[in-house]
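Residues per chain are reported as follows:
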Amino acid sequence: MKHHRVLRIAAKLLIPFIMLFGLYVQFHGDFGPGGGFQAGVIFAAAIILYALIFGLENARKVAPTRIVTMLISAGVLLFAGVGVVPMFLGANYLDYSPLGATQQSGQHIGILLVEFGVGITVAATMIAIFFQFAGRGRDE
Amino acid sequence: MFLAVTGFAILRLHSLFAVVMLSGVYSLIAAAMFVALDAVDVAFTEAAVGAGISTVLMVGALSLTKQREKIPVHTPLLPMVVVLVTGAALIYGTFDMPNFGDPDAPANRYLVDRYIQESPKEIGIPNIVTSVLASYRGFDTLGEVTVIFTAGVAVLMLIGGARRRRRPDSRAGPEATRE
């Protein structure tokens, strides 16, 4: 789609805002609607839009397949790891209260980290599946 | 209303490309409906996944296959009966459901009060949905993330692994049949 100038410029304008919105939904999930799942999907949509307009090769340079594949498991690990930390601090698994000075700040930190883990996994999974699908008919 | 019209259009059409596009439209209308029901985060997901990513994936799959639907060989009578019976049972089930937003509904009576009253004190986060998802039901959410992880890994193994194995003998194998 190299010659579709309108599409390329529109996408160039939109993609930063989509990504920014994804990050906003990710880290503002405690205060407004949103959270890890939504943010991950929105972020993945930005990368997929980039891949659609500027070609798969360029998108693979932005998000190398190896790193994306690693991020899939990194998100789950982050979630599970945040759950383990309170166990060393004398609380139950996934009980974030001891992570901060007070119960509320502990819960805040825990929820933020956990949602970030969710977001990483969702975004990476979506991007990886898209890359595999889109690359199927081509590189053989 | 629009949902039903789009659904019927999807049923009647035989051009797969139009069906894919219409299912994207269907998701977008569903997202608008979720906004109207004040479920903004569900609407986010529906718009991004249903209208965006899955449409793109469907188009990607379409480029690997044919544009037109196959003519069915069986008569659709038995599936029709099954669908009608299931649909009738589901509609019959909705008669017992409480009205929308009914405060006395069982779903609203048991834990919701506690979440609404205690979560500002215990968690201190304005968005109760987030605190339920990530803290009270943290274990469930961990399970969900694991499901996504497993699904991603399975898809990568199915698609990616097959390609890697094919490469050595690129002349024969499934590739030749697909062309």
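Residues numbered from 1 in each chain as written. Chains lettered and ligands numbered in written order. Predicted model: local features only at pLDDT ≥ 70, side-chain atom pairs only at ≥ 80, totals over all residues. Heavy atoms only, no water.

**Remarks on the interface of chain A and chain B**
Stage number 1. Facing 47 residues of chain A, the contacting portion of chain B comprises 43 residues.
Stage number 2. Contact between chain A and chain B buries roughly 4,100 Å² in total, counting both sides, with carbon and sulfur atoms accounting for 72%.
Stage number 3. On the surface where chain A and chain B come into contact, there are 0 salt bridges.
Stage number 4. Scanning the region where chain A abuts chain B turns up 1 residue pair in polar contact (both at pLDDT 80 or more).
Stage number 5. Secondary structure elements with two or more residues in the side of chain A that touches chain B: helix 1 (5-27), helix 2 (36-54), helix 4 (65-88) and helix 5 (103-136) of chain A.
Stage number 6. Broken down by element, the side of chain A that touches chain B gets its largest block of residues, 19 residues, from helix 5 of chain A.
Stage number 7. Among the residues forming the side of chain A that touches chain B, the class breakdown is 27 nonpolar, 15 polar and 5 charged. (Contact = heavy atoms within 4.5 Å. Buried area = accessible area lost by both parts, 1.4 Å probe. Salt bridge = Lys/Arg side-chain N within 4 Å of Asp/Glu carboxyl O. Polar contact = N/O pair within 3.5 Å; in protein donor to acceptor, adjacent residues only side chain to side chain. Helix = DSSP H or I, 4+ residues; strand = E, 2+ residues; numbered from the N terminus. Nonpolar A, V, L, I, M, F, W, Y, C, P; charged D, E, K, R; others polar.)

**Some details on helix 2 of chain A**
Stage number 1. With 19 residues, helix 2 of chain A extends 27 Å between its outermost C-alpha atoms, agreeing within 8% with the 27 Å of an ideal straight helix rising 1.5 Å per residue.
Stage number 2. Summarising burial for helix 2 of chain A: 14 of the 19 residues are buried, a large majority. (Expected span 1.5 Å × (residues − 1). Buried < 20%, exposed > 50% of the residue type's maximum accessible area, 1.4 Å probe, protein only.)

**Observations regarding a nonpolar patch on the surface**
Stage number 1. A contiguous nonpolar patch, built from Val84(A), Val85(A), Met87(A), Phe88(A) and Leu89(A) and spanning about 490 Å² of accessible area, is present on the exposed surface.
Stage number 2. The class of Val84(A) is partly exposed, set by a relative accessible area of 31%. (Patch = residues over 30% accessible without salt bridge, like charges linked within 9 Å, V, L, I, M, F, W, Y side chains within 5 Å. Areas by Shrake-Rupley, 256 points an atom, 1.4 Å probe, with all protein chains shown as cover.)

**Regarding the packing of aromatic side chains**
Stage number 1. Inspection of the entire model under this criterion finds 6 aromatic pairs over all chains.
Stage number 2. Considering the side-chain rings of Phe21(A) and Phe44(B), the 5.5 Å spacing of their centres and the 90° angle between planes classify their relative orientation as edge-to-face. One end of the pair, Phe21(A), is in helix 1; the other, Phe44(B), is in helix 3 (residues 40-62), on a second chain.
Stage number 3. Both rings, one in Phe130(A) and one in Phe131(A), keep their centres 6.2 Å apart while their planes meet at 50°; by these two values the pair is tilted. The exposure classification of Phe130(A) matches that of Phe131(A), with both residues buried.
Stage number 4. By way of ring pairs, the aromatic residues Phe21(A), Tyr24(A) and Phe44(B) are connected into one cluster.
Stage number 5. A cation sits over an aromatic face here: Arg60(A) above Phe131(A), 5.5 Å from the ring centre. (Phe/Tyr/Trp six-rings, centres within 6.5 Å; stacked < 30°, edge-to-face > 60°. Lys NZ or Arg CZ within 6 Å of the ring centre and 35° of its normal.)

**A closer look at the environment of Ile129(A)**
Stage number 1. With respect to the secondary-structure elements, Ile129(A) resides in helix 5.
Stage number 2. When the C-alpha atoms of Ile129(A) and Thr69(A) are compared, they prove to be 9.8 Å apart, with 60 residues separating the residues in sequence.
Stage number 3. The residues contacting Ile129(A), other than those within four sequence positions of it, are Leu57(B), Gly152(B), Val155(B) and Leu156(B).

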